[in-house]
Structures are given as structure tokens and as C-alpha cells.
Amino acid sequence: EVRAVAEGNRNAQQGIGLLQVADGALGQLGEIVQRLQSLAVQAATGLYTDDQRGSIDVEFEGLKSEMDRIAKATTYNNTPLLDSPRGFTIEIGPSIASGNDFVNFTLNDMSAQGPHLNIGSLTIDTVKSAREALAQLQRVEQQVAEERNKVAALHNRLDLNSTTSTSIIEKLHEAESNVRDV
């Protein structure tokens, strides 16, 4: 039983590592979305010419490409995390029968081109397109924040499980020691 609980604890620690990698990438994506919003606000202003908006749009397009690169490059143990919807199951305890000894979760596709964020076709080369982009970027900012909140909640759950498992292992060792002493 001690070995099974210890292995579940190791699995929880690996899950925490995976979630930390995902959270770091999601933090970067959130910063990029904020910059995209800034550029859209700038382009929506009537103070710029279409040529100037075109220059702003170059950075905008580059940032969307960077979002795709981050989503594709974010991996844990060679498993991509954010380039397509991907489900994970982490066995964190010795008994499947209880239904509480595993954690299931899905990480969404967080690429700009993907169906979840779907901002690949956005441009800010005209005032109209910049204003339309702003509304979509607010939605995307919320989606990135929700994904990050989900990851944080899972991290906390696995961290609590790990703390509990460590305590259980200590108590099982103490009980074994007491039996041997008797």
C-alpha cells in the first residue's frame, strides 16, 4: 500500500510539473493577447494612415504567429500540451474503485489559428477591422484567463493530493514500525 501511495504521489508531482509548463506558456499567451489588444486600439484610432496601420498590422501578424509557435512548442516529456485539445488522466492513488484516485482534465488548443481562440484571420489594417478585432480579442483574453485558472485549480488539487499522500505514507510507516516493535 505504501508503494502504491508513493507512486500516486510521484504521478501527482509529474502532473504538477506538466501544469507548471502549461501555466508558463499560458502566461506568455496572455501577455501576447494584451499586446494584440493594444495594437488593435492603436490601429482603431483615426489618427493613422492606412500605410501606418499596415505597419502596425505587421507586428500584429507576427504576434499571432508567435502564439502558434508557443502552442506548438509547449511540451512535457515530448507530449504537446497546447497545440490541440488533449486529455490527460493522472493516477494519484492506489484504488480506481473509489473514483477519487485519478484526475482527468483536458487542455485546449491555444494556438491563434486553432478553433478555440480562432483569431488567425484577424487583421488591423483598417479602422473597421481593428474595431472588430478588439471585440474578438476581449473574448480571447477571457478564454486564456479561463484556461489558466483551470490549470491553477488542477495544480492546487494535485498539490493537496501530494501533501496528503506524504502524510499517509508517514503514518503507514509509523504503523508498520509500531507493529514491528510489538
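Predicted model, so just to flag it, every value in this text is computed and none were measured. Note on numbering: residues in each chain are counted from 1, in written sequence order. Reporting of local features is limited, given that this is a predicted model, to residues whose pLDDT is at least 70; pairs of side-chain atoms are given and counted only at 80 or more, and all residues count toward the totals for whole chains, interfaces and linings. Side-chain descriptors were evaluated using all non-hydrogen atoms of the structure, hydrogens and water having been removed beforehand.

Novice: Can you help me understand the overall build of the chain in this one?
Specialist: Think of it this way: any DSSP run of H or I at least four residues long counts as a helix, any run of E at least two long counts as a strand, and we number them from the N terminus. Counting its secondary structure elements, the chain contains three helices and four strands. Radius of gyration: C-alpha atoms only; globule rule: 2.2 Å multiplied by the number of residues to the exponent 0.38. For the chain, the C-alpha radius of gyration of 23 Å lies well beyond 16 Å, the compact-globule estimate for 182 residues. Taken along the three principal axes of its C-alpha coordinates, the chain extends 85 × 25 × 20 Å. Exposure classes here rest on a 1.4 Å probe applied to the protein chains alone. A residue is buried below 20% of its type maximum, exposed above 50%, and partly exposed in between. Expressed as a percentage of its 182 residues, the buried residues of the chain come to 40%. Contact definition: two residues touch when any of their heavy atoms are within 4.5 Å. The contacts of the chain with a sequence gap of at least 6 include a subset with a gap of at least 24, amounting to 69%. Here, Shrake-Rupley sampling with a 1.4 Å probe gives the accessible areas, and only protein chains in the shown set may cover a residue. Counting every atom, the chain has about 10,000 Å² of accessible surface; 49% of that belongs to carbon and sulfur. Between the averaged position of the 16 positive side-chain charges in the chain and that of its 25 negative side-chain charges there is a distance of 2 Å. Lys and Arg are tallied as positive, Asp and Glu as negative. Neither His nor the chain termini are counted. In plain terms, the charge of a residue is placed at NZ if it is Lys, CZ if Arg, CG if Asp and CD if Glu.

Novice: In this structure, what is going on with the side chain of Asp-109? I would like to understand it.
Specialist: Within the secondary structure, Asp-109 sits in the loop between strand 4 (102-107) and helix 3 (127-181). Side-chain polar atoms of Asp-109 contact the side chain of Ser-111, separated by 2.6 Å. Other than its neighbours up to four places away in sequence, Asp-109 contacts Leu-82, Asp-83, Ser-84, Pro-85, Gly-114, Pro-115, His-116 and Leu-117. Counted as a polar contact is a pair of N or O atoms within 3.5 Å, where, for protein atoms, one must be capable of donating a hydrogen and the other of accepting one, and residues adjacent in sequence contribute only when both atoms are in side chains.

Novice: How should I be thinking about helix 2 (residues 50-73) in this particular structure?
Specialist: The periodicity of an α-helix, 3.6 residues per turn, causes residues three or four places apart in sequence to face the same way. In this analysis, the expected span of each helix is defined as 1.5 Å times one less than the number of residues it contains. With 24 residues, helix 2 should cover 34 Å at 1.5 Å per step; its first-to-last C-alpha distance of 34 Å lies within 8% of that length. Turning to helix 2, its buried residues number three or more, namely Arg-53, Ile-56, Asp-57, Phe-60, Leu-63, Lys-64, Met-67, Asp-68, Ile-70 and Ala-71.

Novice: How should the environment of Asn-9 be read in this particular structure?
Specialist: Structurally, Asn-9 is set in helix 1 (residues 2-44). Classification of Asn-9 by relative accessible area gives buried; the value is 12%. The spatial distance from the C-alpha of Asn-9 to the C-alpha of Asp-159 is 9.4 Å, given a sequence separation of 150 residues.

Novice: Quick question: what am I supposed to make of the environment of Ile-70 here?
Specialist: Looking at the element boundaries, Ile-70 is found in helix 2. Separated by 42 residues in sequence, Ile-70 and Ala-112 place their C-alpha atoms 9.9 Å apart. Sequence-distant contacts of Ile-70, defined by excluding residues within four places in its chain, comprise Ala-25, Gln-28, Leu-29 and Ile-32.

Novice: Help me out: how do you make sense of the nonpolar core in this one?
Specialist: For soluble globular proteins, the rule of thumb is that nonpolar side chains tend to be buried together. Remark: nonpolar core denotes a set of buried residues (Ala, Val, Leu, Ile, Met, Phe, Trp, Tyr, Cys) joined through side-chain atoms within 4.5 Å. Of all hydrophobic cores here, the largest spans 44 residues; its most connected members are Met-67, Phe-105, Leu-107 and Ile-124. Residue assignment for this core shows that the elements contributing at least two residues are helix 1, helix 2, strand 3 (86-91), strand 4 and helix 3. Top contributing element to this core by residue count: helix 1, with 15 residues. Apart from residues no more than four positions distant in its own chain, Leu-107 is found in contact with Leu-18, Ala-22, Leu-81, Leu-82, Ser-84, Pro-85, Arg-86, Phe-88, Glu-147, Lys-150 and Val-151.

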